[in-house]
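Below, each chain spelled out in residue letters.
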Protein chains: 2
Amino acid sequence: MFEVVKRDGLARIGKFHTRSGVLETPALLPVVNPKIFTVPPRELYDEFGFRALITNSYIIKNNADLKERALEEGLHKMLDFEGVIMTDSGTFQSHMYGEVEVTNEEMVQFQKDIGTDIGTVLDIFTEPYWTKEETAKSIEVTLERMQVACDMKGEMMINGVVQGSVYPDLREYCAEKMATMDVDVHPIGGVVPLMEQYRYLELVDVIVSSKKGLNPNRPVHLFGAGHPMILALATLLGCDLFDSASYAKFARDDRLMFIDGTFRLADMQSLDCNCPACRGHTLESLKKLTKDQRTKVIARHNLYQITSELALVKRYIREGRLWELVEMRCRAHPALLDALRRIKEHSEFLELTEPISRDGAMFYTGVESRARPLFNRYEKRVMERYVPPTDKAAIFPDSGKPYSRAWAAEFDKVRRSGYTPIVISPFGPVPADLDEIYPLAQSLFPKLTDAETENTADALTFDFIEKMGFVEVKEYDEIDNDGTMEYDADQLRARAISNYQFGIEATNALFRGKIDIVKSRKTGKIRNVISDGEHILSLRAGDGLYTLRAEGAARILASVPSPFMRVVVNDDSVPFVSEGRNAFCQFVLDMDPEIRPMEEVIVVDKNDKFLATGRALLIKKEVESFKKGIAVKVRSGNGDEA
Amino acid sequence: MFEVVKRDGLARIGKFHTRSGVLETPALLPVVNPKIFTVPPRELYDEFGFRALITNSYIIKNNADLKERALEEGLHKMLDFEGVIMTDSGTFQSHMYGEVEVTNEEMVQFQKDIGTDIGTVLDIFTEPYWTKEETAKSIEVTLERMQVACDMKGEMMINGVVQGSVYPDLREYCAEKMATMDVDVHPIGGVVPLMEQYRYLELVDVIVSSKKGLNPNRPVHLFGAGHPMILALATLLGCDLFDSASYAKFARDDRLMFIDGTFRLADMQSLDCNCPACRGHTLESLKKLTKDQRTKVIARHNLYQITSELALVKRYIREGRLWELVEMRCRAHPALLDALRRIKEHSEFLELTEPISRDGAMFYTGVESRARPLFNRYEKRVMERYVPPTDKAAIFPDSGKPYSRAWAAEFDKVRRSGYTPIVISPFGPVPADLDEIYPLAQSLFPKLTDAETENTADALTFDFIEKMGFVEVKEYDEIDNDGTMEYDADQLRARAISNYQFGIEATNALFRGKIDIVKSRKTGKIRNVISDGEHILSLRAGDGLYTLRAEGAARILASVPSPFMRVVVNDDSVPFVSEGRNAFCQFVLDMDPEIRPMEEVIVVDKNDKFLATGRALLIKKEVESFKKGIAVKVRSGNGDEA
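Draft legend 1. Quick look at the state of the cysteines. Residue and element names in this part refer to chain B. Inspection of every chain in the model, using the stated rule, returns zero disulfides over all chains. As a non-bridged cysteine, Cys174 has Cys150 as the owner of its nearest cysteine sulfur, 12 Å distant. Left unpaired, Cys278 is separated from the closest cysteine sulfur, that of Cys273, by 3.8 Å.

Draft legend 2. Just the pairing of strand E20 (residues 515-519) of chain B, in detail. Residue and element names in this part refer to chain B. As defined by bridge partners, E20 adjoins strand E21 (residues 526-531) across five bridges and the pair is classed as antiparallel. Directly across from Lys519, in E21, lies its bridge partner Ile526. From the end of E20 to the start of E21, which pair antiparallel, there are six residues, and Gly524 there has a positive phi angle of about 75°.

Draft legend 3. Helix H14 (residues 291-318) of chain B, seen in detail. Residues and elements named next belong to chain B. Counted at 1.5 Å a residue, the expected span for H14 with its 28 residues is 40 Å, and the 41 Å between its end C-alpha atoms agrees. In terms of residue burial, H14 counts as a mostly covered element, since 22 of its 28 residues are buried. Positive backbone phi, approximately 70°, marks Gly320, located one or two places after H14.

Draft legend 4. Structural view of helix H16 (residues 334-342) of chain A. In terms of burial, H16 of chain A is largely enclosed, as eight of its nine residues are buried. Contact partners of the buried residues in H16 of chain A: helix H10 (200-213), helix H11 (228-236) and helix H15 (322-329) of chain A together with strand E14 (362-363) and strand E18 (443-444) of chain B.

Draft legend 5. Molecular detail of the pattern of salt bridges. Applying the stated criterion across every chain, the model contains 109 salt bridges over all chains. As a salt-bridge pair, Arg555 of chain A and Glu534 of chain A come within 2.9 Å of each other at their nearest N and O atoms. On the criterion of sequence distance, the pair formed by Arg555 of chain A in helix H24 (residues 550-559) and Glu534 of chain A in strand E22 (residues 534-539) is long-range, its members being 21 residues apart. For Arg555 of chain A, a relative accessible area of 4% puts it in the buried group. Residue Glu3 of chain B pairs with Lys628 of chain B through a salt bridge whose shortest N-O separation is 3.7 Å. Here Glu3 of chain B is found in strand E1 (residues 2-8), whereas its partner Lys628 of chain B is found in the loop between helix H26 (620-625) and strand E29 (630-637), with 625 residues between them in sequence. Members of the salt-bridge network, linked through shared partners, are Asp260 of chain A together with Arg315, Glu319, Arg321, Glu324 and Arg372 of chain B.

Draft legend 6. Summary view of the interface of chain B and chain A. Taken together, the contacts link 44 residues of chain B with 43 residues of chain A. Of the roughly 4000 Å² buried where chain B meets chain A, counting both sides, 54% is carbon and sulfur surface. Between Arg341 of chain A and Asp450 of chain B there is a salt bridge whose closest N-O contact spans 2.7 Å. Where chain B meets chain A, there are 22 residue pairs in polar contact (both at pLDDT 80 or more). The element best represented in the side of chain B that touches chain A is H14 of chain B, accounting for seven residues.

Draft legend 7. Seen up close, unusual backbone geometry. Following Lys401 of chain B, the chain continues to Pro402 of chain B via a peptide bond in cis, the omega torsion being -5°. Its location among the elements puts Pro402 of chain B in the loop between strand E15 (392-397) and helix H19 (403-406). The amide bond that connects Ser562 of chain B to the next residue, Pro563 of chain B, takes the cis arrangement and shows omega of 5°. Tracing the backbone shows Pro563 of chain B in the loop between helix H24 (550-559) and strand E24 (566-569). With a phi close to 55°, Asp254 of chain A is a non-glycine residue in the positive phi region. Position of Asp254 of chain A among the secondary structure elements: in the loop between helix H12 (246-252) and strand E12 (255-258). Asp254 of chain A sits in the buried class, given a relative accessible area of 18%. Despite not being glycine, Asp532 of chain A shows a phi value in the positive range, around 50°.

Draft legend 8. Expanded view of the packing of helix H6 (residues 104-113) of chain A against helix H7 (residues 132-152) of chain A. All names here are of chain A. Put simply, H6 and H7 touch, their axes get as near as 10 Å, and they point 30° apart. The orientation of H6 with respect to H7, classified from their angle, is roughly parallel. The interaxial crossing formed by H6 with H7 has right-handed handedness. Here H6 contributes Asn104, Glu105, Val108, Gln109 and Lys112 to the contact with H7, which in turn contributes Arg145, Val148, Ala149 and Met152.

Draft legend 9. Spatial organisation of the relation of the copies chain B and chain A. After a rotation of 180° and a shift along the axis of 0.0 Å, chain B superposes on chain A with an RMSD of 0.0 Å. In the structure described here, the two chain copies are related by an operation that fits a two-fold rotation axis. Ranked by how close their C-alpha atoms come to the rotation axis, the residues of chain B are headed by Met328 of chain B, at 2.8 Å.

Draft legend 10. Structural detail: the sheet that holds E21 of chain B. Residue and element names in this part refer to chain B. Read from one edge of the open sheet, four strands run E20-E21-E22-E23, paired in antiparallel fashion. For this open sheet the edge positions go to E20 and strand E23 (546-548), each flanked by a neighbour on one side alone. Averaged over neighbouring strand pairs, the angle between their axes works out to 30° when direction is ignored. Contacting E20, E21, strand E22 (534-539) and E23, helix H22 (residues 489-502) crosses the sheet at an angle of about 70° to E23. Strands in contact with H24 are E21, E22 and E23; relative to E22, the strand with the most contacts, it is inclined by about 105°.

Draft legend 11. Summary view of the sheet that holds E1 of chain B. Residues and elements named next belong to chain B. One open sheet holds the three strands; their spatial order is E1-E2-E3, and the pairing between them is antiparallel. Taken across any chain shown, the strands that pair with only one partner, and hence form the sheet edges, are E1 and strand E3 (21-25). Strand-to-strand, the axes of this sheet are offset by a mean angle of 15°, without reference to chain direction.

Draft legend 12. Just the packing of aromatic side chains, in detail. Applying the stated rule across the entire model yields 38 aromatic pairs over all chains. With a centroid separation of 6.0 Å and an interplanar angle of 65°, the aromatic rings of Phe92 of chain B and Phe125 of chain B are classed as edge-to-face. A residue pair is termed long-range when its members are at least 10 positions apart, and Phe92 of chain B in helix H5 (residues 91-97) and Phe125 of chain B in the loop between strand E7 (118-120) and helix H7 (132-152) qualify at 33 residues. The rings of Tyr364, Phe375, Tyr378, Phe427, Phe445 and Tyr500 of chain A are connected pair by pair, giving a single aromatic cluster.

Draft legend 13. Broad picture of the packing of helix H11 (residues 228-236) of chain B against H14 of chain B. Residue and element names in this part refer to chain B. Contact pair H11 / H14: the axes reach a minimum separation of 9 Å and the direction vectors enclose 25°. Comparing their axes, H14 and H11 come out roughly parallel. Crossing hand, H11 versus H14: right-handed. Across from Pro228, Leu231, Ala232 and Thr235 in H11, the residues of H14 making contact are Gln305, Ile306, Glu309, Leu310, Val313 and Ile317. Taken together, the residues that form the contact of H11 with H14 break down as seven nonpolar, two polar and one charged.

Rules and cut-offs
Residues numbered from 1 in each chain as written. Chains lettered and ligands numbered in written order. Predicted model: local features only at pLDDT ≥ 70, side-chain atom pairs only at ≥ 80, totals over all residues. Heavy atoms only, no water. Disulfide = S-S within 2.5 Å. Pairing = 2+ DSSP bridges. Helix = DSSP H or I, 4+ residues; strand = E, 2+ residues; numbered from the N terminus. Expected span 1.5 Å × (residues − 1). Buried < 20%, exposed > 50% of the residue type's maximum accessible area, 1.4 Å probe, protein only. Contact = heavy atoms within 4.5 Å. Salt bridge = Lys/Arg side-chain N within 4 Å of Asp/Glu carboxyl O. Buried area = accessible area lost by both parts, 1.4 Å probe. Polar contact = N/O pair within 3.5 Å; in protein donor to acceptor, adjacent residues only side chain to side chain. Axes fitted to C-alpha atoms, helices over the stretch in contact; angles between N-to-C directions. Parallel < 35°, antiparallel > 145°, perpendicular 65-115°, else oblique. Left-handed = near helix turned anticlockwise from the far one by under 90°. Least-squares fit on C-alpha atoms with pLDDT ≥ 70 in both. Phe/Tyr/Trp six-rings, centres within 6.5 Å; stacked < 30°, edge-to-face > 60°. Nonpolar A, V, L, I, M, F, W, Y, C, P; charged D, E, K, R; others polar.

What follows is the structure, encoded as structure tokens:
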């Protein structure tokens, strides 16, 4: 059972409930060699705070002594670890050393017998150099074995490993099949060679294609990913679990992991590390330790690097800024830059879970920022939903934000001559009336632009002008200032924002008869929109978008057919939602697939009767899949506006 | 007395000798308030390893009690600090609170009297909003006061503060004047408002214009710069010293510094910090401390962030990779990205100290990497120094490196048809014969290119083809494979590298008569060049460039007039250098201004007689200014090749 506590696009902080406790994700599981504890499991739990580890059931099974102890005492006692224990099945050994001498059934049964919390099917490791045919064939074997494992698992949770080598369609196919089975966790397998060879570009494709096929309600584990430098990237793409054998393997090899790479002790010129393991050590003192002592210090150093980075990843998710951490991290190596650049290919998929707005401002930190899904979200909506109030456009360059303050006098002048002011921003064309919505106002760009972003902005503006059907387009300073046309800036703005946020059809339903605009005395900004005496919309100061009021919701329900903006709940939850309680996933019957996280929604019963307004936390695919958690944060039920 | 131990462009690890010990730079001096010790100076020394601090003489002078103690005991005893003590003079107070009631003479005398190691002139803080005239006038006052301070200083070292607001020419003028005075350290002053307002773009101009005017042999101190996030950038531009009052000021305000920004305790959702100050604390436990206790923990946390980052900066300097750290750091905020992008404007100045080669590979981590001076160095040299062996060019796309291996068969085919193979790389045009020199082979680029770098490469290739006078240019796959022209790839390569490295004139002197090429049996690469039976050049495997042999040096001396490639030493050092000892700055009489760090040079006596070959560590301006340190790492003297 997995629930999402906080999300940032595909990234999420989750709670994974197991019989050995609740594991907060993203989490990394240190790999513990059952033969030698480089860092004892008890210390992993007490000192480092690891609540889960992974060990290898195949090694245990093949060692008479370990096997006997594991069967007798159970894994938790044998390892002296009270947290969650996951076991691998021998698949990785088959990748390393060729065929293994066990069957899937034997391995699943053995894992059950030794008390593993999360066991693993004996899947087939799809090597990156395999042909597509070879890969496809082996996936069928893995799927068969998976079905057997699911039938056998009993109380044990089971890993359903997504294979498919570097073939995105095979990855997605395998993931889709796995998603239909009674699986608890989805490792993405067969990726270690890609990571070892710095093939991060392909790793991005592998993760995204797997995510496309999987159920959102199961944690996704990137098998073998343990270097701190890729944790942020993999989390951004929706991975929840990681594991690291390298913390110990590298330590035995005198190699220290840092966020910007791995360094050999022999090559280092000073230690310069403030982590609890290194504290008090110099390079010289470390070198003077015995091999065993040194391995322990370095392994602990490596674990501290991992815990630090994971903590930072969580902080950035909470702040809604994970993308920005990834942009920093992917500058550590050109192969990571390739990964960052590759994400652009998947922006349509990422847009599905991209929130409508965030609390903080977006930082543009390089041309790669332009691949963020909030850019193509804006491009698409402004093209489809903007309705120009006049048929002439005045083009303005970017300036201080918000534009309507920076260009106040100039906007007024061109408007009086019948021109609609359009600013060429790094987002593309920004009509004056939209300049305060997220992310247009809530974003920071460098003063020094780059050719790529400038050219894209120009091209988008050109397309926009054509699409809008302007009959005349002028630079703002080429327009005579003798216009006398009258206009009401507040009315135009109120409607333009509604068109952008809810679409033209809903806006026509909302804006009826006489429109009164209530403005803040302090800021002069729009606060409420009153239509025919009814308060239909409130404008949020933070993101410049509307909160939908019950009266507004009623108008949309009356005019725009289902499923538009609807979240349909079952009869049981009608009384609760009507009282203003949140709508939970398990009670949702249906939902508009166009709803994005943080979007305004209307909660209705199965007869499309209004129950409440609120903001969606999850999208349709997620709501359908989760058994627990809030689908809609309800603002107020049944017209009893708070 | 300041010496450079290790350099990376303008950045340097130095040793600054003072009467209170040797200070390794880059160093940050914590600001200690003489009234309250947030962290006691003894702890700054013992626990954090700070070997220098800064305190304010104006505050001491204005407090009867402190004044009496300071005059009686001396500053070191009063603060209980055995390291280097620098004092500020009241200038910053005048910026904060308006005029101060002391004279320059009083302040310099008082600083001497209390035993300051490095005192400061009472300069005039040039505010960023001042007019140019106002700024220019105030600089003259500062310069007058500086002369007085220099005359008065005695045994005390003195800070010569570079002012000039945001006017680069005034900064450079002020720096040049200061450089002629008997000053020991050069703070760049008046920059705190720029940093507070995130005007990092202008900060780059201020630092570079100051550096242009200053002597390389004095440490440069960026006054008031203490946030870890700008230490890498400022060091890259040649700053050696920093100071931080904010570690304590922010702590009193419950603000924690991190490498990616400053965060209020109240806004943080978890602590997640492994530094020795935070270790054992949670956000909750920190909040529960008394205000005083909490301030101490946070101040110590802030200091640990600073020491971590400074250690990292030093590591990157030692590895010759500081540029790459800066590129990562400047992604933390769009204003820092502006600073990174601004550096491009100064690449001509940065090229002067850019080494000819480095030990490691260059990482391209974004379009901003293209501003690195090694790019324009290559562009300039290939345009000026390449001599095409045929008058037809075959154009190849970028591929796996080195190109001569990736395109081996294709290069041969087009050459047999009389075409010179040219690869369009991110560096611009790369003739086949140059593909193994630094940084062409020793660099990593992402597979996914960007428009800016692609367009630049195309444009440079176009210019190159025009400049070289090719009469025919074809894509490599448009060329018939029936050529029969003979060519000697080794001969072409040997000469092309020499042209690139030493220029055409020197190459004509070097390559005389019969040329024999000795190749490595293992790698098949060129090792030695023999001309008329004399071993003139050896090719280094690491950077693909030549080591000049004595026989080669003799030919250059005989044919290319002084000062080309020469470093002239005085008579005293003739015997030492001839024996193969290094050439030290203080004995150098003259030097070719075109020599760059790590370049091959010929050490001669004042009659242009050959003494030794070696590699320059410093450029002419530096050698002239340093009293200590190695100018040329001598390889072998007087023809006794090692």
